[in-house]
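# Observations on the model geometry
Now for the letters of each chain:
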Amino acid sequence: MTSPLSPSITTAAPVASGHAGAPMPARAGLSPALKGTVRVPGDKSVSHRSLIFGTLAVGETRISGLLEGEDVLGTARACAALGATVERLGEGEWRVEGVGVGGLTQPDAPLDFGNAGTGSRLMMGVVAGNPITATFDGDASLRRRPMRRILDPLERMGVEVLDAAEGGRLPLTLKGPRDLVPITYESPVASAQIKSAVLLAGLGAPGETVLIEKEASRDHTERMLAHFGADVRVEPFGEHGRKVTLKGRPELKPAPIAVPADPSSAAFPVAAALIVPGSDIVIEGVMVNPLRTGLFITLKQMGASIEYLNERIEGGEDVADLRVRHTGRLRAVEVPAERAPSMIDEYPILAVVAAYAQGTTRMNGLSELRVKESDRLAAVARGLDAIGVHNRIEGDDLLVEGAGSVSGGATIWTPKVPGGGPVATHMDHRIAMSFLVAGLAALRPVEVDDVAFIATSFPSFLPLMKQLGAVIEVDAAEGAR
Ligand code: S3P
C-alpha cells in the first residue's frame, strides 16, 4: 500500500493509516443495549465527486466533512497527480485549486486507486476529456472488477485503450483524444459509476452528451454539475428511469461543499440498534437523498423504528438525524429488484438484519452484487452459512431465513442467531462491518477474518460502535485503537 498521503498533497496533520499489510481478525459479541448520539463520516460518493469537481473547476473549492477513508484519499492523490493543488487544512477540511475542464496535466506515474471502484471509474471519465495518457491500477480486488462497462462508452467517444489486462481490467492505460465526440448512451446497467464516467467525459466534448438509464441510480454527479454551474438537464425516462443531458465544455465555477454523513455507513449502527435489545440511538446529519434510502424504506417495512428528525437541506442534499429504536418485531419482506439501485451497497447488512427477522426475506435482482469489492452475493451467503443462518441463492435472488423461535401463541419472536465463524471478508469493507454487526446479538461471538479494509470507507467504525456500547475486539494491537 502507498502511504495515506503522497508528497503532492499538502497536509497539516497526517490522517489515520488504513490497511497496510497483515490481516486483522476481529470478533463481535453479545452487547448491552446500544445508546448515544453519533455522527458517521462523510458520504463516500459525494466525497469522491467533491475532489473531482474541485479539480475541474477554475479556482479554489473548499470542502468540509470529507470522508478521509482510503478510497477517497486515492482520488485526492489522483487529482494532485493530474495537476490540481489538493490541501488538507484540518479534519475533513480540504481545499482544491482546480485546473479547469480540459486542463489536466499528464501524470508521471500510474494512478493507484487501491480498493476504489468509484474513484477509478469516475477518474477514467475525467481523463477521457483531456489529451493525456494515464495508467489506472488498484489492489487485487479492484483488478478483478469489470471495467469494460466504462471503456465501451469512452471508446465510442474517441478514447483509446492503449493497454489493459484480460477482459479490459486493471491495470489499464487510457489516452484521451484531442477532440472527444459527444454521444447518446443508454447504460446497460443501472450504475451511477457508468453514468458519472460518461458525464464527466462529456464535460470535455463539444455539444450535448446524453445518458439514459432505465432505473435511476444515485444522482450526486448531476447535482454537483449543476452546483458548479454546468448546463445539465434531468428528465424522467420510462417508469423508473432518467435521461440526463449535459452541455459540454463549460467553465465550472468553484463552489463550497459540505459533505453530509454517509447513509451507507449509517446503515451499520442502524442495523445494530435494530437487533440489540433495548437500543435507542441517534445518528446525526445523515443524507436521505431518495436515491440512497432503499435500506431505510425496507427496514421500516420490516417493522423497524427509524424516525427522521430535523429534516433539512444541507449542501444541496436532503439530510436528517435518524433515531433508531429496537422494537423486537422484525418481520421478513420481499425486496423488489427495482429498489436495488437505491440500496445497492446495503444488501450485506440487510441480510444480517433478515437473519434476526421472523420469516424468510427475499431480495430480488442482485446480479450487480457479484461485481462489487467482492462477489457480495457469494460472500454474504457463505458468511451466513458460517454463522449458522439458513440461506440460499436462486438465480440472482438471495433468500435469508430468520433464525429464532416463536412463543406466546406464535406472537413473540425471539431471534437466535448461532454465531461463530470465521467469516471470510474477501478484501470487502462492507462484508467485514456487516458480520461484526451480526455478532452483537448472536448466541456466540462472530469472528471475521480481516477488518483492515474497513478503513476504505468508515475509518472510525470500531471506535464509533464501541462508543455506542458494542463489544468488538480486534486481534492486532494496531487495529484495536
Ligand atoms: C457509487 C455507485 C455504486 C456504489 C458505489 C458508489 C458511486 O455503484 O456501489 O459504492 O459513488 O457512484 P454502481 O452505481 O456502479 O452500482
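Computed from a predicted structure; not experimentally measured.

## Observations regarding the nonpolar core
Grouped together as the largest cluster of nonpolar side chains are 84 residues, with contacts concentrated most on Leu299, Met363, Leu436, Val437 and Phe461. At 9 residues, the largest contribution of residues to this core is made by helix H8 (residues 263-275).

## Focus: helix H7 (residues 220-227)
Turning to H7, its buried residues number three or more, namely His220, Thr221, Glu222, Met224 and Leu225. Of the residues one or two after H7, Gly229 is the one with positive phi, at around 95°.

## Notes on the UniProt feature "binding site: phosphoenolpyruvate" (unreviewed entry) in the protein chain
Sites flagged by UniProt as "binding site: phosphoenolpyruvate" (unreviewed entry) map to Lys44, Gly117, Arg145, Gln193, Arg376 and Arg430. From the set just named, the residues that line the largest pocket comprise Lys44, Gly117, Arg145, Gln193 and Arg430. As for its position among the elements, Gln193 is in helix H6 (residues 192-202). Once residues within four sequence positions are removed from consideration, Gln193 is found in contact with Gly117, Thr118, Arg121, Leu122 and Ile150. Position of Arg376 among the secondary structure elements: in helix H11 (residues 376-386). Owing to a relative accessible area of 0%, Arg376 belongs among the buried residues under this scheme. Leave out the neighbours within four places in its chain, and Arg376 touches Asp345, Pro348, Leu369, Arg370, Asp428, His429, Arg430 and Ile431.

## Quick word on the packing of aromatic side chains
Within a pair of aromatic rings, the relevant descriptors are the distance that separates the centres and the angle that separates the planes. Counted under the stated rule, the structure contains 4 aromatic pairs. Judged by centre distance (6.2 Å) and plane angle (85°), the rings of Phe268 and Phe461 are edge-to-face. With Phe268 in helix H8 and Phe461 in helix H13 (residues 461-468), the pair connects residues that are 193 residues apart, well separated along the chain. Judged by its relative accessible area of 1%, Phe268 is buried. Centroid distance Phe458 to Phe461: 5.4 Å. Interplanar angle 75°. Geometry classified as edge-to-face. Given the relative accessible area of 0%, Phe458 is considered buried. When the ring centre of Tyr308 is taken as origin, the NZ or CZ atom of Lys300, which lies over that ring, is 4.3 Å away.

## Quick look at the layout of surface pockets
One number sums up the size of the largest pocket: a volume of about 550 Å³. Lining the largest pocket are 33 residues, with Ala190, Ser191, Ile344, Glu368 and Lys372 positioned closest to its centre. Those elements that place two or more of their residues in the lining of the largest pocket are helix H1 (44-56), helix H3 (117-128) and H6. Looking at the lining of the largest pocket residue by residue, the classes come out as 9 nonpolar, 9 polar and 15 charged.

## Concerning the sheet that holds strand E19 (residues 334-335)
If you walk across this open sheet you meet the 4 strands as E19-E20-E22-E21, and the pairing is mixed. The outermost strands of the open sheet, each flanked by one partner alone, are E19 and strand E21 (391-394). Taken together, the 2 bridges between E19 and strand E20 (residues 360-363) define a ladder with parallel strand orientation. Its bridge partner lying in E20, Val335 is registered against Met363. Set on the sheet, helix H10 (residues 347-355) makes contact with E19, E20 and strand E22 (397-401); between it and E22 the angle comes to about 30°.

## Digging into the sheet that holds strand E12 (residues 208-213)
In space, the 4 strands of this open sheet follow the order E11-E12-E14-E13, with mixed pairing throughout. The sheet terminates laterally at strand E11 (184-186) and strand E13 (232-237), the two strands that pair on one side only. The average angle at which neighbouring strand axes cross in this sheet is 15°, direction not considered. Most of the contacts of H6 go to E12, to which it runs at about 175°, and overall it touches E11, E12 and strand E14 (241-247). Set on the sheet, H7 makes contact with E13 and E14; between it and E13 the angle comes to about 150°.

Parameters and conventions
Residues numbered from 1 in each chain as written. Predicted model: local features only at pLDDT ≥ 70, side-chain atom pairs only at ≥ 80, totals over all residues. Heavy atoms only, no water. Core = buried A, V, L, I, M, F, W, Y, C linked by side-chain atoms within 4.5 Å. Buried < 20%, exposed > 50% of the residue type's maximum accessible area, 1.4 Å probe, protein only. Helix = DSSP H or I, 4+ residues; strand = E, 2+ residues; numbered from the N terminus. UniProt positions renumbered as here; feature names shortened; annotations may be inferred. 1 Å grid on protein atoms, 1.4 Å probe; cavity = no way out; pocket = protein on both sides within 12 Å on 5 of 7 lines; lining within 4 Å. Contact = heavy atoms within 4.5 Å. Phe/Tyr/Trp six-rings, centres within 6.5 Å; stacked < 30°, edge-to-face > 60°. Lys NZ or Arg CZ within 6 Å of the ring centre and 35° of its normal. Points joined across faces, edges and corners; volume = space filled by probe spheres on them. Nonpolar A, V, L, I, M, F, W, Y, C, P; charged D, E, K, R; others polar. Pairing = 2+ DSSP bridges. Axes fitted to C-alpha atoms, helices over the stretch in contact; angles between N-to-C directions.

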